[in-house]
Structures are given as structure tokens and as C-alpha cells.
Amino acid sequence: NDNQKPKNSKLNMNMKKNLIWALCIIFIQGFYSCKTTKITRPEEKYITPEINLEPSVINIPFHFSIDDVQKTINSKLTGLLYEDNSFENNDNDNLMVKAWKKEDFTLKLENNTLNYRVPLKLWIKVRWGFEKLGIKLTDTKEIEAEIALKFKTSFYLNNDWTVTTFTSPDGYEWLSKPVLKVGPVDVPITTIANTILNKNKNLLSNEIDKAIKNNLNFRKNIQDIWTSIQKPVKINDEYNIWLKASPTEISSTPILSNNGNIKISLGIKSVIETFIGKKPDFIPNNGLPDYKMVKSLDNQFKINLFSEISYNSIDSLTKKYLKNETFSQDKRSVTIKDIKVYGSDNKMIIGTTLAGSFNGTIYLSGKPVYDSISSNLKFTEIDFDIETQNALHKTASWLLHRKFTKMIEDKMFFPVGSKIEETKKLINQKIQSYNLNKNLVLNGKINEIKIQDIFLTPESVKIAVIFKGNLKTSFVAD
């Protein structure tokens, strides 16, 4: 037995050493599991992309009634229109002529030309002379007749939306001819007709041109539309949703005539945006662009919207889904105690505070995307930030596992689609039979939603949305 003592002593010494090493390892592991690891926080920075807001073309029809022009002319020209009380004027023509308006003037529209018929009642006094017994004698006779003078007016739009007109005589027709012979004198009916036509040409053409310009005041009407369309319109009081148009150019189709009306279709190219919150600021652009004629108008209708979800909302929802969730790997585990998000370039940084086999805040990054199937905002391609990877390789490499990032990724979804759909519904309600002014009514419907881009700002994730649909504008006469 004495011989066995050294061997037993040696064995006991080895066991003590192994026990000491095991205790050291347990101590070291316990020390590091309790110790909080500090990892460098990724830099917070934002790059706002250039979002190309898509414009719309708002088609606006204009109708101008020829009846209005006709009423104006008939109200201005009444009673006696022409009077010649001298036999000696007009190269001693031996005629006195008076012309009264017989009945209302009538207008007919053909393309860009207005044709007028001006019915007149005539009183004509004819004088002739003869000699009898060496004495020169004169005699006169009064006759009546009816004539219709004809005029035509061409008109077109200038670059500044004013109207240029040109009215000229277009002949005449006798409604009832005067007698061709009075005593020994042949009545010069052609001369009479031409004299009346020429003498009234300036008077009638000036009044006609003035009536057209007053009634076909394109510039004033278009200026009113151009200015009023820029004013933000509140489409919902509960959510304070505003619609704002920023027009950039204006064009029109050629002038057409239909059923006694002058028709022209305007196309106002405009960026239309939706804002939520306070009334958007705007500085009215009163400068009316030059007239530009096109064969046809684009009927695209688009509304630009920036929907957003704040980082505070993302934090709250993420905590709801992930706080106190535990991740285990082998015999180690961590519990999520807090989550805080912010942006770095175009990626979302997810600061995740852990407790357990590892204590500290780690940082993951993910790309914000819109899932059209679930209508949710999600973060994909979630992975550990490079500084976090380096730190975990040294202290807790077991955490560098796809299962952990997948757990985060699966729980980070945010229902923004319902908000976008609700906005679409509210806009549709507003643009159905919306009075742009007393004569123009908008009728539109959005039927498509397109997600254009997603980007990060210092306060929120913003989603650039485009609503697409149809818009028709109806003209309502006074």
C-alpha cells in the first residue's frame, strides 16, 4: 500500500488540476455572459432620392355658344342703320336711301368662320329731271324694298390666348326688289345695294368683331382655370388630406364647331400631389403659358402621394412582435429587450438590445420594400452590420446564425396598404362630380396603385405612391 501512495497522490493532483481548469472555464464563460459588449453604432445618415413626380393632363372642354354672340350683336344694332338724305352726294346719284333693321341678324358657324345674314328694310326716294316748254322740271317717287346683307368673320387664337377676328362683306340678296323703273328713270338697284353694303361695312364689322371678342374671351376663362386649379383642395377633414395641383403647361385641340357652339378642348399638364396634415403651402403661378395647339390630348390622370410610417410607429409595432422573444442555439440563449430603428443611407438599421448568454446591443440592417400581396411594408435582406459581425465573431459567434435574422425579418412587417387604400377611397369620393368652378365639373376615378419608390428620412420611412385613373371634365352652361 505504501507503494501505491505516490500513484494515488499523482492521480489526485491531476483531478484537482482538471477541476481547476473546468472552474476557470465556467468562470470565464460566466464573466463574459454577464459582461455587456459595446458595439459601435452605425452612422445615422439619409440620402433623399430625386423622385420624379409623374404629371397628369387634365382635359377641360370649353363651349362657347354662338347664340350669345348673336344676342349681343342684335342688342347693339337696332332701328335705323343707314341714312342718306341728299340727292347730290355720291356723285349726284339722285337717290335718298334709309335702311332699318328688319329682323334679328342670324349667324351660322362653319369651322372657324361665322356667316351673318343682316335683313334690312329700305326706303328709297328717286329724283329725275326733264324739260317742258323750255323749263327744267324735276319729279320724285318713293319706293320700298328689302335686302339681306351678308358678312363673314374668320377668327383664330393668338399665342397669348387672345382672339383675332376679321370680318368682311360677303355679298347680298334682295328679299323684295324695288321697281326697276320709276317714270323715265331706271332705278340702279345694284348701286343701291353696293352703297348700303359699303356704307355699313365698317359699322357692322366693328360691332361683330367686338361681340365675338367679348363673348369668346378665351384668355379670361383659361386664366381663371389656370389660377383656380392651383389652390389646394381639402378632400377629407378627419385625416386632413389635401390635393394640390402644380400646372406646368397648357395646350388645346383645334377649334371645332358643333350644333351652333364653338368647342375647344384644353389639356393642362400638371403635377398632382396629396398631402396629409396642414394645408400645403403654395405660391400661385399666374403666368399663363402660350397657346400651343395639338392634334389630340393625353388622357392620363395621376396623383402623387407620399405615404409614411414614423420610426416611433415602427419601434412600437416591432416591440409588440419581438420584445421578450427568446432565441436559443445549443445551450445558449438571448432575449430581446428593446428595439430601436433609424436610417443609414438607404438601409434601415435595427438596433436590438439582448440579454442572456450575450448582453448588449447589436445592429442589423435591412432593405425596406413594399409587399403588394400583403400590402405591408417589410424589411428584407436583414443581416448583421459589419461592426456587429466583427464583435460577435470574438464574443458570441453562435449568434451569427440565419435563424436569428430570419426571426427578426419575419416579425418586421407594417400594414401601410390599408392607409393607402383609404386615401384612394377618399380621393375617389372627392373627384366624383367635383365643381372646379361654376361651369366645370370633374368626374374621375382612380383604379390603379403603383409604388414608385421607398426611402428613409430622419423621421420616417416614406413610400412614393402613384394613383392612376381616368378623369373627365364636363362643361355646364350657365
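Below or above, wherever it landed, is the structure these notes cover. Quick caveat: nothing in here was measured; it's all calculated off a predicted structure.

So, how was this worked out
- Every chain is numbered on its own, with residues counted from 1 as its sequence reads.
- Since the coordinates come from a predicted model, pLDDT governs what is reported: local features require at least 70, and pairs of side-chain atoms require 80 or more to be given and counted, while whole-chain, interface and lining totals use all residues.
- Only hydrogens and water are removed before side-chain values are computed, so all heavy atoms of the structure are retained for them.
- Secondary structure elements are taken from DSSP: a helix is a run of H or I of four residues or more, a strand is a run of E of two residues or more, and numbering for both begins at the N terminus.
- The reference for a compact globule is 2.2 Å times residues^0.38; the radius of gyration itself is calculated from the C-alpha atoms.
- The classification of residues rests on relative accessible area computed with a 1.4 Å probe and restricted to protein chains. Under 20% of the type maximum is buried, over 50% is exposed, and intermediate values are partly exposed.
- Any two strands are treated as partners once DSSP identifies two or more bridges connecting them.
- Think of a salt bridge as a Lys or Arg side-chain nitrogen and an Asp or Glu carboxyl oxygen that are within 4 Å of each other.
- In this description, a line fitted to the C-alpha atoms serves as the axis of each element, helices being fitted only across the stretch in contact, and the angle between N-to-C directions of two axes falls anywhere from 0 to 180 degrees.
- Roughly parallel means an angle under 35 degrees; roughly antiparallel means over 145; roughly perpendicular covers 65 to 115; every other angle is labelled oblique.
- Crossings are classed by handedness, with left-handed meaning an anticlockwise turn of the near helix from the far one by less than a right angle and right-handed meaning a clockwise turn.
- Whether two residues are in contact is decided by their heavy atoms: any pair within 4.5 Å suffices.
- Ten residue types, Ala, Val, Leu, Ile, Met, Phe, Trp, Tyr, Cys and Pro, are classed as nonpolar, four, Asp, Glu, Lys and Arg, as charged, and the remainder, Gly among them, as polar.
- Geometry of aromatic contacts follows a simple scheme: Phe, Tyr and Trp rings, the Trp one being its six-membered ring, pair when their centres are within 6.5 Å, and the pair is stacked under 30 degrees between planes, edge-to-face over 60, tilted otherwise.
- Each polar contact in these results corresponds to two N or O atoms within 3.5 Å; when the atoms are within protein, one needs to be able to donate a hydrogen and the other to accept it, and residues that are neighboring in sequence are counted only if both atoms are side-chain atoms.
- The set of buried Ala, Val, Leu, Ile, Met, Phe, Trp, Tyr and Cys residues whose side-chain atoms join them within 4.5 Å is what this entry labels a nonpolar core.
- The arc refers to the directions leading from the helix axis to the C-beta atoms.

**Let's talk about the overall build of the protein**
- In terms of helices and strands, the protein carries nine helices and 25 strands.
- In summary, the protein has a C-alpha radius of gyration of 45 Å against a globular reference of 23 Å for 478 residues, an excess of more than 25%.
- If one aligns the C-alpha atoms of the protein with their principal axes, the spans along those axes are about 195 × 30 × 30 Å.
- Buried residues in the protein amount to 41% of all 478 residues.

**What about the pairing of strand β17 (residues 326-329)?**
- A one-sided burial pattern is seen for β17, the buried positions being Phe327 and Gln329 and the unburied ones Thr326 and Ser328.
- Judged from the four bridges that link them, β17 and strand β18 (residues 332-345) form a sheet pairing that is antiparallel. If you follow Gln329 over to β18, its bridge partner there is Arg332.
- Taken together, β17 and the strand that follows it, β18, pair antiparallel across an intervening segment of two residues, in which Asp330 is found at a positive phi of about 60°.

**Thoughts on the pattern of salt bridges**
- According to the stated counting rule, one finds 21 salt bridges in the structure shown.
- Between Lys220 and Asp224 there is a salt bridge, with its nearest N and O atoms 3.3 Å apart. Of this pair, Lys220 and Asp224 both sit in helix α5 (residues 218-228), four residues apart, which is roughly one turn of that helix.
- On the accessibility criterion, Lys220 (49% relative accessible area) is partly exposed.
- Close ionic contact of Glu249 with Lys292 constitutes a salt bridge, the shortest N to O distance being 3.1 Å. Of this pair, Glu249 sits in strand β13 (residues 241-252) while Lys292 sits in the loop between β15 (261-276) and β16 (301-310); the two residues are 43 residues apart in sequence, bridging distant segments of the chain.

**Focus on the packing of helix α2 (residues 66-76) against helix α4 (residues 189-215)**
- Packing of α2 against α4 leaves a shortest axis separation of 9 Å and a crossing angle of 135°. In terms of orientation, α2 lies oblique with respect to α4. α4 is crossed by α2, and the crossing has right-handed handedness. Facing α2, whose interface residues are Asp68, Val69, Thr72, Ile73 and Lys76, α4 presents Glu207, Ile208, Ala211, Ile212 and Asn215.
- Looking at the contact of α2 with α4 residue by residue, the classes come out as five nonpolar, two polar and three charged.

**Some points on the packing of aromatic side chains**
- A full pass over the atoms with the stated rule returns six aromatic pairs.
- For the ring pair Phe306 and Phe455, a centre distance of 6.2 Å and an interplane angle of 80° mean the geometry is edge-to-face. In this pair, Phe306 is assigned in strand β16 and Phe455 in strand β24 (residues 440-456), connecting sequence segments 149 residues apart.
- A centroid spacing of 5.3 Å and a plane angle of 75° characterise the contact between Phe327 and Phe404, whose relative ring orientation is edge-to-face. Here Phe327 is found in strand β17, whereas its partner Phe404 is found in helix α8 (residues 402-411), with 77 residues between them in sequence.
- What links up through ring pairs into an aromatic cluster is the set Phe327, Phe384 and Phe404.

**Regarding the side chain of Ser344**
- Here Ser344 lies in strand β18.
- Residue classification places Ser344 among the buried residues on the basis of a relative accessible area of 14%.
- Side-chain polar atoms of Ser344 contact the backbone oxygen of Glu43, separated by 2.8 Å.

**Focus on the nonpolar core**
- Formed by 117 residues in total, the largest nonpolar core has its most connected members in Phe218, Ile314, Phe358, Leu399, Phe404 and Met412.
- Examining the composition of this core, we find that nine residues originate from one element, α4, more than from any other.
- Setting aside chain neighbours within four positions, we find Phe404 in contact with Phe327, Val334, Leu354, Ile362, Leu364, Phe384 and Leu399.

**A closer look at the environment of Ile454**
- Take Ile454: it is sitting in strand β24.
- For Ile454 and Glu409, which are 45 residues apart along the polypeptide, the C-alpha to C-alpha distance reads 18 Å.

**A short note on the environment of Lys347**
- Mapping Lys347 onto the fold places it in strand β19 (residues 347-356).
- Between the alpha carbons of Lys347 and Tyr363 there is a distance of 12 Å; along the sequence they are 16 residues apart.
- Sequence-distant contacts of Lys347, that is, excluding residues within four places in its chain, are made with Tyr342, Ser365, Gly366 and Leu456.

**With respect to unusual backbone geometry**
- For Asn94, which is not glycine, the phi torsion reads 60° and is therefore positive.
- Looking at where Asn94 falls in the secondary structure, it is placed in the loop between α3 (89-92) and β5 (95-101).
- For Asn94, a relative accessible area of 26% corresponds to the partly exposed category.
- Positioned with a positive phi, Asp345 is a non-glycine residue whose angle comes to about 60°.

**Structural notes on α2**
- Of all the positions in α2, only Ile66, Val69, Gln70, Ile73 and Asn74 are classed as buried. The arc that holds the buried residues of α2, viewed along the axis, is 130°, so those residues lie on one side. Within α2, the exposed residues directed more than 90 degrees away from the buried face are Lys71, Ser75 and Lys76.
- The N-cap of α2, judged by a side-chain oxygen 3.1 Å from the amide nitrogen of Asp67 a few residues on, is Ser65.

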